Amino acid sequence: MADPIHQFEIQKIFTLGHIGNQEIAFTNSSAYMFAAVAVISVLMLGGSAGRHLIPNRFQSMAELSYEFVANTLKSSIGEEGMRFFPLVFSLFMFILTANMIGIIPYTFTTTSHLIVTVALALLVFLTVFIYGIYKNGLKFFKLFVPHGIPIYILPLIMVIEVISFLSRPVSHSVRLFANMLAGHITLKVFAGFVTSLSALGAVGAAGALLPLAMTTALTGLELLVAFLQAYVFTILTCIYLNDALHPGH
Amino acid sequence: MAEGQSKSAAHATGAHTAADGGHKAAFPPFESSTFASQLVSLAIAFGLLYLIVSRLALPRVGGILAARKQVLDNDLAEAAKLKADSDAALKAYETELANARAKAQTMASEVREKLNADQDAAKARLEESLNAKLASAEQTIAATRTAAMSNVRGIASDTASAIVERLTGITPDASAVNAALDASLKG
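Reading the values: the criteria
Residues numbered from 1 in each chain as written. Chains lettered and ligands numbered in written order. Predicted model: local features only at pLDDT ≥ 70, side-chain atom pairs only at ≥ 80, totals over all residues. Heavy atoms only, no water. Helix = DSSP H or I, 4+ residues; strand = E, 2+ residues; numbered from the N terminus. Areas by Shrake-Rupley, 256 points an atom, 1.4 Å probe, with all protein chains shown as cover. Buried < 20%, exposed > 50% of the residue type's maximum accessible area, 1.4 Å probe, protein only. Contact = heavy atoms within 4.5 Å. Lys, Arg positive; Asp, Glu negative; His and termini not counted. Charge placed at Lys NZ, Arg CZ, Asp CG, Glu CD. Buried area = accessible area lost by both parts, 1.4 Å probe. Salt bridge = Lys/Arg side-chain N within 4 Å of Asp/Glu carboxyl O. Polar contact = N/O pair within 3.5 Å; in protein donor to acceptor, adjacent residues only side chain to side chain. Nonpolar A, V, L, I, M, F, W, Y, C, P; charged D, E, K, R; others polar. Patch = residues over 30% accessible without salt bridge, like charges linked within 9 Å, V, L, I, M, F, W, Y side chains within 5 Å. Core = buried A, V, L, I, M, F, W, Y, C linked by side-chain atoms within 4.5 Å. Pairing = 2+ DSSP bridges. Axes fitted to C-alpha atoms, helices over the stretch in contact; angles between N-to-C directions. Parallel < 35°, antiparallel > 145°, perpendicular 65-115°, else oblique. Left-handed = near helix turned anticlockwise from the far one by under 90°. Phe/Tyr/Trp six-rings, centres within 6.5 Å; stacked < 30°, edge-to-face > 60°.

Asks: Looking at this model, I keep getting lost on the overall build of chain B. Mind explaining?
Replies: Within chain B one finds 3 helices and 0 strands. Mapped from its N terminus to its C terminus, chain B presents α and β elements in the order α-α-α. When the accessible area of chain B is evaluated, it comes to approximately 13900 Å², of which 63% is carbon and sulfur surface.

Asks: Is there a simple way to explain the overall build of chain A in this structure?
Replies: The helix and strand tally for chain A stands at 8 helices and 2 strands. Taken from N to C terminus, the helices and strands of chain A fall in the order β-β-α-α-α-α-α-α-α-α. Counting only residues that meet the buried cut, chain A has 45% of its 249 residues in that class. The long-range share in chain A, meaning contacts at least 24 apart out of those at least 6 apart in sequence, stands at 66%. A total accessible area of about 12200 Å² is found for chain A, and carbon and sulfur atoms account for 72% of it. Once the 11 positive and 10 negative side-chain charges of chain A are each reduced to a mean point, those two points are 7 Å apart.

Asks: How should I be thinking about the interface of chain A and chain B in this particular structure?
Replies: Size of an interface: often given as the accessible area lost when the parts come together. Opposite the 48 residues of chain A that make contact, chain B presents 35 residues. When chain A packs against chain B, close to 3700 Å² is buried across both sides, 77% of that on carbon and sulfur atoms. Put simply, chain A and chain B have 1 salt bridge between them. Between Glu63(A) and Arg68(B) there is a salt bridge, with the nearest N and O atoms lying 2.7 Å from each other. One can count 10 residue pairs in polar contact (both at pLDDT 80 or more) joining chain A with chain B. Listing elements by their share of the side of chain A that touches chain B, those giving two or more residues are strand 2 (22-27), helix 1 (28-49), helix 2 (57-76), helix 3 (85-103), helix 4 (114-136) and helix 6 (168-198) of chain A. For the side of chain A that touches chain B, the per-class residue count stands at 31 nonpolar, 11 polar and 6 charged.

Asks: Explain a nonpolar patch on the surface to me, please; I cannot follow it from the model alone.
Replies: On the surface, Leu122(A), Leu126(A), Phe129(A), Ile130(A), Leu138(A) and Phe141(A) cluster together into a nonpolar patch covering about 570 Å² of accessible area. Looking at the element boundaries, Ile130(A) is found in helix 4.

Asks: Quick question: what am I supposed to make of the nonpolar core here?
Replies: A general feature of soluble globular proteins is that nonpolar side chains tend to end up buried together. Counting 57 residues, the largest nonpolar core has Phe94(A) and Leu120(A) as the members making the most contacts within it. At the level of secondary structure, the elements contributing two or more residues to this core comprise helix 1, helix 2, helix 3, helix 4, helix 6 and helix 8 (209-245) of chain A together with helix 2 (35-168) of chain B. When residues in this core are grouped by element, the largest group, 11 residues, is from helix 3 of chain A. Not counting chain neighbours up to four residues away, the residues in contact with Leu120(A) comprise Leu91(A), Phe94(A), Ile95(A), Phe233(A), Leu42(B) and Phe46(B).

Asks: Any chance you could explain the pairing of strand 2 of chain A here in plain terms?
Replies: Looking down a regular strand, the side chains alternate between one sheet face and the other. Relative to strand 2 of chain A, strand 1 (residues 12-19) of chain A is paired through 6 bridges, and the arrangement is antiparallel. In the sheet register, Thr15(A) faces strand 2 of chain A, and the bridge partner there is Ala25(A).

Asks: Would you explain the environment of Pro86(A) in this entry?
Replies: Note that Pro86(A) resides in helix 3. A residue is classified by how much of its surface remains accessible, and Pro86(A), at 16% relative accessible area, is buried. Spatially, the C-alpha atom of Pro86(A) lies 9.7 Å from that of Val69(A), the residues being 17 residues apart in sequence. Apart from the residues within four sequence positions on either side, Pro86(A) is in contact with Tyr50(B), Val53(B), Ser54(B) and Leu58(B).

Asks: What is the right way to read the pattern of salt bridges from this model?
Replies: Should the charged atoms of two oppositely charged side chains come close, the side chains can pair. All chains considered together, the criterion is met by 7 salt bridges over all chains. The closest approach of N and O atoms between Lys12(A) and Glu23(A), which form a salt bridge, is 3.0 Å. Of the two residues, Lys12(A) is situated in strand 1 and Glu23(A) in strand 2; the sequence distance between them amounts to 11 residues. With a shortest N-O distance of 3.3 Å, Asp87(B) and Lys83(B) are connected by a salt bridge. Of the two residues, Asp87(B) and Lys83(B) are both situated in helix 2; the distance of 4 residues between them amounts to about one turn of the helix. A relative accessible area of 38% means that Asp87(B) is categorised as partly exposed.

Asks: Would you mind showing me how to read the packing of helix 4 of chain A against helix 2 of chain B here?
Replies: Between two packed helices, what matters for the description is the angle formed by their axes and the separation of those axes. Running from N to C, helix 4 of chain A and helix 2 of chain B point in directions that differ by 50°, and their axes come no closer than 9 Å. One element, helix 4 of chain A, and the other, helix 2 of chain B, form an angle in the oblique class. Helix-helix and strand crossings are classified by hand; for helix 4 of chain A and helix 2 of chain B the assignment is right-handed. Judged by residue contacts, Ile115(A), Val116(A), Ala119(A), Leu120(A) and Leu123(A) of helix 4 of chain A engage Phe35(B), Gln38(B), Leu39(B), Leu42(B) and Phe46(B) from helix 2 of chain B.

Asks: Whenever I open this one, the packing of aromatic side chains confuses me. Can you help?
Replies: For any pair of aromatic rings, geometry is given as the distance between the ring centres together with the angle between the planes. Residue and element names in this part refer to chain A. Counted under the stated rule, the structure contains 25 aromatic pairs over all chains. Ring geometry for Phe144 and Phe165: centres 5.3 Å apart, planes at 75°, overall edge-to-face. A residue pair is termed long-range when its members are at least 10 positions apart, and Phe144 in the loop between helix 4 and helix 5 (154-166) and Phe165 in helix 5 qualify at 21 residues. The exposure classification of Phe144 matches that of Phe165, with both residues buried. Members of the aromatic cluster, joined through ring pairs, are Phe125, Phe129, Phe140, Phe141, Phe144 and Phe165.

Asks: Explanation requested: unusual backbone geometry in the structure shown.
Replies: What is expected of a backbone is that most residues other than glycine have negative phi and most peptide bonds are trans. The phi dihedral of Arg51(A) falls on the positive side, at around 50°, and the residue is not glycine. Counting through the fold element by element, Arg51(A) comes out in the loop between helix 1 and helix 2.

Asks: What am I meant to see in the packing of helix 4 of chain A against helix 6 of chain A here?
Replies: Residue and element names in this part refer to chain A. At a closest axis distance of 8 Å, the pairing of helix 4 and helix 6 adopts a crossing angle of 145°. For the crossing formed where helix 4 meets helix 6, the hand is right-handed. Contact residues: helix 4 offers Leu114, Thr117, Val118, Ala121, Leu122, Val124 and Phe125, while helix 6 offers Pro169, His172, Ser173, Val174, Leu176 and Phe177. A per-class count over the contact of helix 4 with helix 6 returns 10 nonpolar, 3 polar and no charged.

On their own, these measurements won't tell you what the molecule is for.
In structure tokens:
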């Protein structure tokens, strides 16, 4: 049976250079990252090239992407959240495209690597932290002091708030990583059943129909998960950014 | 040198086992030696994406949407203006129509009143003349009757005198005949 972990292996394509002793390589993961960037660029730049008053299908896709993210952002932060629009749009489109490309058989899913999702989550976390301090100064720390809490349990609440704030990038990144990883392993395991069962002859081939149907259904589910996880990541980003703009709960 | 050899040997075995089934190799997402490469790639790719999105894509799509909104707003405003115009025209037309109708009604009732008055006057005149004629006819009748009645008396007295004369051969006294006539007329 095919190894379900094999699809996550990083393969070096060529070496870019070294930082200290660490080799920096252009890998299959890098290729798929740039592929995602290329797909998004083609969608957004190609789709908006015509500047049609009445959009064609291609332009509709670009506009739909724009408006979807813009509405998500506005509904959770409001009009002033639009300053983060390029960041949130890039995050959503990058994760969505990477997830979607990953569903195509024989491809690599960049978002199934914890280091990638951690980097993206930390980008959001640091943006929230730095912009929150820059915009609100020390008032930003009111985030940890909810209103209407009796003074004697305030220290406890503050500790909990600080821990929950600091654990945000963990849950933010692990959620995306784990969903992509688990989904792809499951797909691979069921798809592997199909090949190993059909190798057993006619009876096996007939029995392979069940995991084949399962794989088909799971692929549909994975499409949903790919979109949903990109959306969840974006929504959480919006909620965290809202804290940077309005820390006083 | 020896360390390098052992490292490459370890790498070779790692690659070998990975090809066999990969059970001894680290789980790829936790293979820390690949982290730096991925981070560098991600930084370049995501930075590039951010630049493309923020400098080119979003302003362009946003511009298209804003331009469309502008066109739609203009068209809607124009349509609202045209609708207001047509409403005003309709209202003016209805007012005009109502005025014309009221005017026609006034004219009709004026004409009707005038005709009624004329008719009444003509009727009154006719009645007056008829009444006058009736009165004069009655006068004529009364005069005629008086004349006739006086003639009757004359005839009666003549006849009575003639009868008396024929019967008696005496011409009666006129006053006696008159008295007798008066008596019989009264009776």
